[in-house]
Amino acid sequence: MIQGSSTFIHVGQIHVDSAPHAISTVLGSCVAVCLYDTALGIGGMNHYLLPFWNGNGLQSPKFGNIAIPKLIESMIMKGSNPKNLQAKIFGGASLNMGISDAMMIGQKNILVAKEILREYNIVLVAEDVGGQNGRKIQFDLERGKVLLKYAQRSDMVKGGV
Amino acid sequence: MEKIKNDEIAFLSRKILELNKQLIESEKAKSRFLSLIASELNNPMTAILGMIPHLAPMGGDLRKEIFALVHEEALLLDSRIQNLVAASEIESGKIDITYALVDPKVLVKEAIEAFKYRINEKNITITVTNKLDKKIVSDPKKLYLIIKNVLGNACDYGLVDEVVHVDIFENKSEMIIAIKNQGKAPQVEYKPQIFTRFAEGPEGNHGLGLGLSVARELCERMDGGIDYTTDETSVTFIITLPLQSACADSDACGSNEFLFESFDDAIEL
C-alpha cells in the first residue's frame, strides 16, 4: 500500500516524482519506462504509443525515441546522476487487434526502450513485456518497486493503448 | 522463420532509430527555443490584451483605425503565443487534460471574436449550425485552442467574400465539428504534412505552421482526431472528439476508474 498519492499518466506524458508518491498507468502495446534513482529516491515514468518520431508533427513524448531521452533528462534536471539510475520496462503487448499486431508495434516499442537505455548505460533491472495481455502498473517511489497486474479486456477498452 | 522475421524487424528498427536520431538532433534547437520563449512571451501578452480594450477610442475618432490595427495584431500575436505554449507543453510531456462542462458553440463564438478583424477585412461570413443541444464534457481551454486554430486556418485560406461554415453535431457518441471554407485544397503530397510544425503553407508562410500540429496533438490527447476532406471548391476540416459521459471531474473519468482497485496480489518487480 502506498502512503502518498498516485499520479496517473496517459500516452505522451512524463512524470517525475519522489517518495512517498506513486505513478501509475495502463498499457497495451504501449510501453512505459520506469527510472529510479537509488541514491535520491526519486523516480519517473513515461508512456509512449509508437517507437519513432519521424519528423511529422510535434516532437511529442508519445514516441519512444522522444519520450525516453526526455525522461532521462527530466531525472537529470531533478539532480539524478545517470550512473545511479535503474530502469524497468513494461508493456509492449500484442493485443490481436489487427493493425498494431501486423506492424509489431509492441515489439518495436520494447526494442527502442532497450536500445536507448543501453546507449545511456542505464541498467535494466526488471521487465515484463510482450505477451497478449494489457497491464496496469503502479510505481511505488518509496521502495522503487513496480506493482503489476494484468488487465482484463474490459479494462483495456476503457483505458490503455 | 519467426526468428528470422523478428531479427529483421529488430535490425530495421535499429536502423530507423539511428536515422531518426540525426533528425531529432537537428530539430533540438527549435524545441529548446520553443520551450524557453513560450512562457516569457505569455505573461506580458496577457497584460497587454487585458489593457487594450480600455484604450478603444470613442466613435468618430480618427485613431479608431489605428486602434483596430493594434488590437488585431495583438490578438494574432496572442494566438501564436498560445500555440507556442501548447506545443512546448505537449513536447515536454507535461500536458494535462482537465474536464469540465462546456458549450462548444460558445467556444466557436469566442474564436470568431478573436478573428473579427480578419473576418471583416476579407468580408468572410461565418455561419454556425449547432445540432448538439447539450453541453459536453471536455477540456475547455484545449477545445478552444483546437477550434481557434482550425477556424483561423479557414479564415487564412478561405476566399474573400465567401462563407466559412461551422457545423457542430453528434455522430455515434462522438462530437463532430466540421469547419468548411471555400478555397483551394492544401498543396501537399501526403495529408499528414499539413499537421507538421514549421511547415510552410502553400501560399508562402502563415505563422509558424504550429496551429494545425497543435490542434492534431490536442485532439489525439483527448482520444479524438482531426482530418480534412476537399472538393473542387472547398476544404473541410473535421474535428472528432468522443462524447464523455457526464462526469466533469477530471480524474473520475475514463481510464482511472479501475485503477482505484487495490494492487493486492499484484506482481512486484
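Our subject is the structure listed above.
Here's a quick rundown of the structure. Quick caveat: nothing in here was measured; it's all calculated off a predicted structure.

What about the side chain of D17 of chain A?
All names here are of chain A.
Thought 1: Position of D17 relative to the elements: it lies in strand β2 (residues 14-18).
Thought 2: The side chain of D17 is buried and forms no salt bridge, while K78, the nearest opposite charge, is found at 6.7 Å.
Thought 3: Only 2.9 Å separates the side chain of D17 from the side chain of H15, close enough to count as a polar contact.
Thought 4: When neighbours within four sequence positions are excluded, D17 is seen to be in contact with T7, I23, I42, G43 and L141.

Some words on the layout of surface pockets
Thought 1: Of the voids in this model, the second largest pocket is the one considered here, and its volume is about 860 Å³.
Thought 2: Forming the walls of the second largest pocket are 28 residues, and the residues nearest its centre are P69, K70, E73 and S74 of chain A together with R32 of chain B.
Thought 3: Looking at the lining of the second largest pocket, its residues break down into 10 nonpolar, eight polar and 10 charged.

Things to note about the environment of I90 of chain B
Thought 1: Tracing the chain through its elements places I90 of chain B in helix α2 (residues 64-92).
Thought 2: Separated by 128 residues in sequence, I90 of chain B and L218 of chain B place their C-alpha atoms 8.3 Å apart.
Thought 3: Residues in contact with I90 of chain B, not counting those within four places in the same chain, are L58, S60 and P61 of chain A together with I95, V214, E217 and L218 of chain B.

Concerning the sheet that holds strand β6 (residues 225-230) of chain B
Residue and element names in this part refer to chain B.
Thought 1: The five strands are arranged β2-β4-β5-β7-β6 in an open sheet whose pairing can be described as mixed. A strand with exactly one partner marks an edge of an open sheet, and here the two such strands are β2 (125-130) and β6. Pairs of neighbouring strands in the sheet enclose a mean axial angle of 15°, with direction left out of account.
Thought 2: Across six bridges, β2 lies against strand β4 (residues 163-171) in parallel orientation. Residue pairing across strands places I126 opposite V164, the latter belonging to β4.

Looking at the pattern of salt bridges
Thought 1: Evaluated as defined, the whole model comprises 17 salt bridges over all chains.
Thought 2: In this structure, E217 of chain B and K62 of chain A form a salt bridge, with 3.6 Å as the shortest nitrogen-oxygen distance. Placement of E217 of chain B in helix α6 (residues 211-221) and of K62 of chain A in the loop between β5 (42-46) and α1 (64-77) is noted, with the two residues assigned to different chains. When sorted by exposure, E217 of chain B lands in the same class as K62 of chain A, which is buried.
Thought 3: Across the pair R216 of chain B and E220 of chain B runs a salt bridge, and its minimum N-O distance is 4.0 Å. One end of the pair, R216 of chain B, and the other, E220 of chain B, are both in helix α6, four residues apart, so they sit about a helical turn from each other.
Thought 4: R216 of chain B sits in the buried class, given a relative accessible area of 15%.
Thought 5: When salt bridges that share partners are traced, they join K62 of chain A together with R216, E217 and E220 of chain B into one network.

So, how was this worked out
- Residues numbered from 1 in each chain as written.
- Chains lettered and ligands numbered in written order.
- Predicted model: local features only at pLDDT ≥ 70, side-chain atom pairs only at ≥ 80, totals over all residues.
- Heavy atoms only, no water.
- Helix = DSSP H or I, 4+ residues; strand = E, 2+ residues; numbered from the N terminus.
- Buried < 20%, exposed > 50% of the residue type's maximum accessible area, 1.4 Å probe, protein only.
- Lys, Arg positive; Asp, Glu negative; His and termini not counted.
- Salt bridge = Lys/Arg side-chain N within 4 Å of Asp/Glu carboxyl O.
- Polar contact = N/O pair within 3.5 Å; in protein donor to acceptor, adjacent residues only side chain to side chain.
- Contact = heavy atoms within 4.5 Å.
- 1 Å grid on protein atoms, 1.4 Å probe; cavity = no way out; pocket = protein on both sides within 12 Å on 5 of 7 lines; lining within 4 Å.
- Points joined across faces, edges and corners; volume = space filled by probe spheres on them.
- Nonpolar A, V, L, I, M, F, W, Y, C, P; charged D, E, K, R; others polar.
- Pairing = 2+ DSSP bridges.
- Axes fitted to C-alpha atoms, helices over the stretch in contact; angles between N-to-C directions.

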